[in-house]
Number of protein chains: 2
Amino acid sequence: MKVVIVGGVAGGMSAATRLRRLDELAEIIVFERGAHVSFANCGLPYYAGGVIEDRDELLLQTPESLGARFRLDVRVRSQVVAIDPGARTVTVEDLETGDPYVESYDELILSTGASPVVPPLPGADRALTLRDVEDVDRLVAEMASARSAVVVGAGFIGIELAENLRRRELDVTVVELADQVLAPLDPEMAVPVADRLRENGVRLELGTELARIDETTAELDGGRTVPADVVVMAIGVRPETALAEMAGLVSGERGGIAVDDQMRTSVPHIFAVGDAVEKRDVVGGNAALIPLANPANRQGRLVADVIAGRPARAKASSGTAVVGVFGLIAAAAGWNEKRLRAADRPYRAIHTHPHSHAGYYPGAQQMSIKLLVDPETDGILGAQAVGGEGVDKRIDVIATAMAGGVTASELADLELAYAPQFGSAKDPVNMLGYIADNLRTDSIRAVQWHELDALLADGALLVDVRTADEFADGPIPGAVNVPLDELRERVGELPVGDLIVLCQVGQRAHAAVCLLEQLGRPAANLDGGYQTWDAGRRANAPIVVARS
Amino acid sequence: MKVVIVGGVAGGMSAATRLRRLDELAEIIVFERGAHVSFANCGLPYYAGGVIEDRDELLLQTPESLGARFRLDVRVRSQVVAIDPGARTVTVEDLETGDPYVESYDELILSTGASPVVPPLPGADRALTLRDVEDVDRLVAEMASARSAVVVGAGFIGIELAENLRRRELDVTVVELADQVLAPLDPEMAVPVADRLRENGVRLELGTELARIDETTAELDGGRTVPADVVVMAIGVRPETALAEMAGLVSGERGGIAVDDQMRTSVPHIFAVGDAVEKRDVVGGNAALIPLANPANRQGRLVADVIAGRPARAKASSGTAVVGVFGLIAAAAGWNEKRLRAADRPYRAIHTHPHSHAGYYPGAQQMSIKLLVDPETDGILGAQAVGGEGVDKRIDVIATAMAGGVTASELADLELAYAPQFGSAKDPVNMLGYIADNLRTDSIRAVQWHELDALLADGALLVDVRTADEFADGPIPGAVNVPLDELRERVGELPVGDLIVLCQVGQRAHAAVCLLEQLGRPAANLDGGYQTWDAGRRANAPIVVARS
């Protein structure tokens, strides 16, 4: 058997090494357009910033090491320019010599990846991108004489770049078309990330487009200019499907190569994996582009299993992702509220602001978590978390719960490892389960930060059950302050009508709502309390805009 | 409705506050024998060590605060000494006045906890235990004039105590009857914990009993004495069932109060929760004592739901637990290998030694993980992990997978949040899944460290595929060194017969086994490689002893 693999990073190389372990006799050729295979793609921003000091650290394998260990025929600087599916051949251009040649295959695996989107702006030819080792070499070279940089796009890579450019003490501007950073987060969850960037000297231009790039500056859509010795495009990536399309492979609705759950394309004997293909989304069941390393590696192994005749099928993808930025951690899995609203899908949202570990043990850090729940099935639709230590842990636990079909209420039953430096006896994930269970069983009603204005306009009364000091520190306009511990005695003071109750994070308000409802006073909890409302207010509220 | 709760910590107080939220009109009385309710039990060792500086941090609630917020009638220093289930009354002794009185109930909840076991040694009356705030006050008082301490028992609390006594610069000896520390771990997994304790000046006396306690020393079973200004018993806890037994409640096979999955005891209108009751074990389905805070809190809430007429049932328990010791983290969930062997239950064991995050990003720390798998169902029976950052995360993910019925092989499909500072594109948990899948599909065979001697005696040949330098650093007696990258060429050098292949952690050996098997040479991987074997060797191998 002769297997040809196009693309020698992540998915492609996982396929190659796994296939060798399964089939010592197969002939395996890997063509890689670039000069490097199996490099640490996700480490590139950190090498740019000097966190990873040694460039060799990025180069996890070489053609030689892969040849010695796995008897792989790895050919770098070799671009596959055409596929003949009928003849089962590929045409390869040797980028050193320019000479083309033809190689046959029994099975072909495309791991062509995704390439950064570069908008056709005036001056865009000077913009860099960050996809491979050559890219980071260029960036490092330009940074040497630069004092300022513009990063276009405030997604995962854009934010990692901003942090690392600041590490190099550049003046950094991030330009983002959306009104928020980190699109996978809902706007109120993204606020702490934007704050952290600004606190660390990053100039954030949200809701802004780049108009043009000049020699040492860049012009924003309003006409202002920002210093821009270096410009890096990090708007997003687009599946590299040119080769697939030339060969007649069907693309999916999202523009990636369409594959079945065994990574087969529409053309016999051609498989595809990684950023170039469309995955199946775990929440919607629809096609999704998820350009992440974990699924790429998983698919690489899976396609080798399939080619070797082993039963294996891809699972639907939750797109779990995490980013660190100036010590803050932001992570997400599944769908966010914006997307659920846009798809008109019913959901319940839960916001909490728990501590990373027991409050009585030093060093506990507050995080914010948001859980999205299917009101019909109690299934988990998605989760987001932002904060310090333990954010990645909680999202991993929730992503695992999603994979295992654990319902939102059942999060209460998870037995998570507890000692005071690692969590709480009621872990933040358990607390989400408790709240989900309260909502599921209708023992409490909650309203969202972006629903508050309309409800108040309809005559609801806002009751703030925090202490007088907390209330004075940050009241919501129109709220009446009755501290929780005085509520039993003072309930008579509250005017007749629907009540919305808030506290700092939602916990005291929950006790208050329970009390009020039993005293015959209809009441709902302002989900996530003052903290979520305040973040939402500062977020410029695009969730509400999206609703109309 | 009048509900009486015996015990005002964890389970009892969770029940009380939840019940109030569900039923504003209920009369709720909480009797607590000690002077404090809702204190931070798990924080006691850290207050002793000065990590938690302020004693008030331990006191999460007071009777007054609970009265104000939840209208609870909390009576401390009040010991319930008898129950009359027919009359539905309890007899309470006011420990301040000595006066007994009777209180009626409609529903009674016992949250009596568990008490430290103190063996009847000569001199044991001077030994301290650590269960409540009074205990830690005594310990702190004694430490003030002490220069040495003996901790009896190397379980979670014993180890936390040892660390914290060292923080106070005491000379610390830990005496443990078993041949290893931390019984929830298998012996080879406990070795790094013992190492860490010794590296930090703790004298470990394993396989040793305390014979007697004298004025400033303690005598070990061999006759040696160790300095012992302070002696703390941390052998384990025993459910406090005296009250329950007097009232005629049925105890279970493990000596805890028997309850159904709605926390009902054998006597109508009496419920029990927390350390005093027997839980159902998630692996064996049998009764288990799991004296941990997370289940206690969960049960407290659950019993309130049941009393309030809401459907709720306890899930089986995996006993997930974690401990930190001098910067090392050890965590476990489900069953360990010792227990599986003792129960004659089939299993597969998998050992790995992955890094906490991508190796190319600075600061990655190696951890050890062990996964136990049901060979029939591929279900996860248990997991253990020891190392630095990220150990708690991986055990939480696996515990969640167990709760969700994710099989061992399906761990490969989990999408866990990856950026190089938080994990790897193939996370340690994914890698466990990959290995489990290899074993499940018989694409590889593995042998355990404690099986090696017998296999070598039967004529198997041990092939070490590490580099010559690694081999020279730590060879296993009898092994032949053929580095992996030379194996294809040198396979002819290997004598005929069964091969056992090892490398440092098991990954290169896997590639070697795949290669050898396909070349017609039967081969098995020494699971976990040299590192697991070396730990097992140093562990004094009680797993093998247990087998016979």
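Just above sits the structure.
The paragraphs below set out a description of the structure included in this document. Just so we're clear, the structure is a prediction, and the values are computed from it rather than from any experiment.

## Digging into the environment of Asp23(B)
Residue and element names in this part refer to chain B.
- Locating Asp 23 in the fold gives a position in the loop between α1 (11–22) and β2 (27–31).
- Residue class for Asp 23 comes out buried when judged on its relative accessible area of 18%.
- Placed 437 residues apart in sequence, Asp 23 and Ala 460 show a C-alpha to C-alpha distance of 69 Å.
- Here Ala 26 takes part through its backbone nitrogen, which lies 3.2 Å from a polar atom of the side chain of Asp 23.

## Thoughts on a negative patch on the surface
- Together, Glu53(A), Asp54(A), Asp56(A) and Glu57(A) make up a region of like negative charge exposed at the surface.
- The residue Asp56(A) is located in the loop between α2 (44–48) and α3 (63–70) in this model.

## Quick notes on the interface of chain A and chain B
- Contact with chain A, which involves 84 residues of that partner, is made by 83 residues of chain B.
- Summed over both partners, the interface of chain A with chain B comes to about 7300 Å²; 53% of that surface belongs to carbon and sulfur atoms.
- Linking chain A to chain B there are 18 salt bridges.
- On inspection of chain A and its partner chain B, the count reaches 48 residue pairs in polar contact (both at pLDDT 80 or more).
- Secondary structure elements with two or more residues in the side of chain A that touches chain B: α1 (11–22), α3, α8 (293–307), β20 (321–325), α10 (391–403), α11 (428–440), α14 (484–490) and α15 (507–518) of chain A.
- Residue contributions to the side of chain A that touches chain B peak at eight residues, all from α10(A).
- Taken together, the residues that form the side of chain A that touches chain B break down as 40 nonpolar, 19 polar and 25 charged.

## Looking at the state of the cysteines
- Across all of its chains, the model carries zero disulfides over all chains by this definition.
- We note that Cys514(A) lacks a disulfide partner, and the nearest cysteine sulfur, in Cys503(A), lies 12 Å from it.

## Focus: the sheet that holds strand β4 (residues 78–84) of chain B
All names here are of chain B.
- The sheet built from three strands is open, its strands ordered β4-β5-β6 with antiparallel pairing. Of all strands in the sheet, those bounded by a partner on one side alone are β4 and β6 (100–104). In this sheet, adjacent strand axes meet at a mean angle of 30 degrees when their direction is disregarded.
- Note that strand β5 (residues 89–94) and β6 share five bridges and pair antiparallel. Along β6, the bridge assignment pairs Glu 93 with Pro 100.

Procedures and definitions
Residues numbered from 1 in each chain as written. Chains lettered and ligands numbered in written order. Predicted model: local features only at pLDDT ≥ 70, side-chain atom pairs only at ≥ 80, totals over all residues. Heavy atoms only, no water. Helix = DSSP H or I, 4+ residues; strand = E, 2+ residues; numbered from the N terminus. Buried < 20%, exposed > 50% of the residue type's maximum accessible area, 1.4 Å probe, protein only. Polar contact = N/O pair within 3.5 Å; in protein donor to acceptor, adjacent residues only side chain to side chain. Patch = residues over 30% accessible without salt bridge, like charges linked within 9 Å, V, L, I, M, F, W, Y side chains within 5 Å. Areas by Shrake-Rupley, 256 points an atom, 1.4 Å probe, with all protein chains shown as cover. Salt bridge = Lys/Arg side-chain N within 4 Å of Asp/Glu carboxyl O. Lys, Arg positive; Asp, Glu negative; His and termini not counted. Charge placed at Lys NZ, Arg CZ, Asp CG, Glu CD. Contact = heavy atoms within 4.5 Å. Buried area = accessible area lost by both parts, 1.4 Å probe. Nonpolar A, V, L, I, M, F, W, Y, C, P; charged D, E, K, R; others polar. Disulfide = S-S within 2.5 Å. Pairing = 2+ DSSP bridges. Axes fitted to C-alpha atoms, helices over the stretch in contact; angles between N-to-C directions.

Geometric descriptors of this kind do not, in isolation, establish any biological role.
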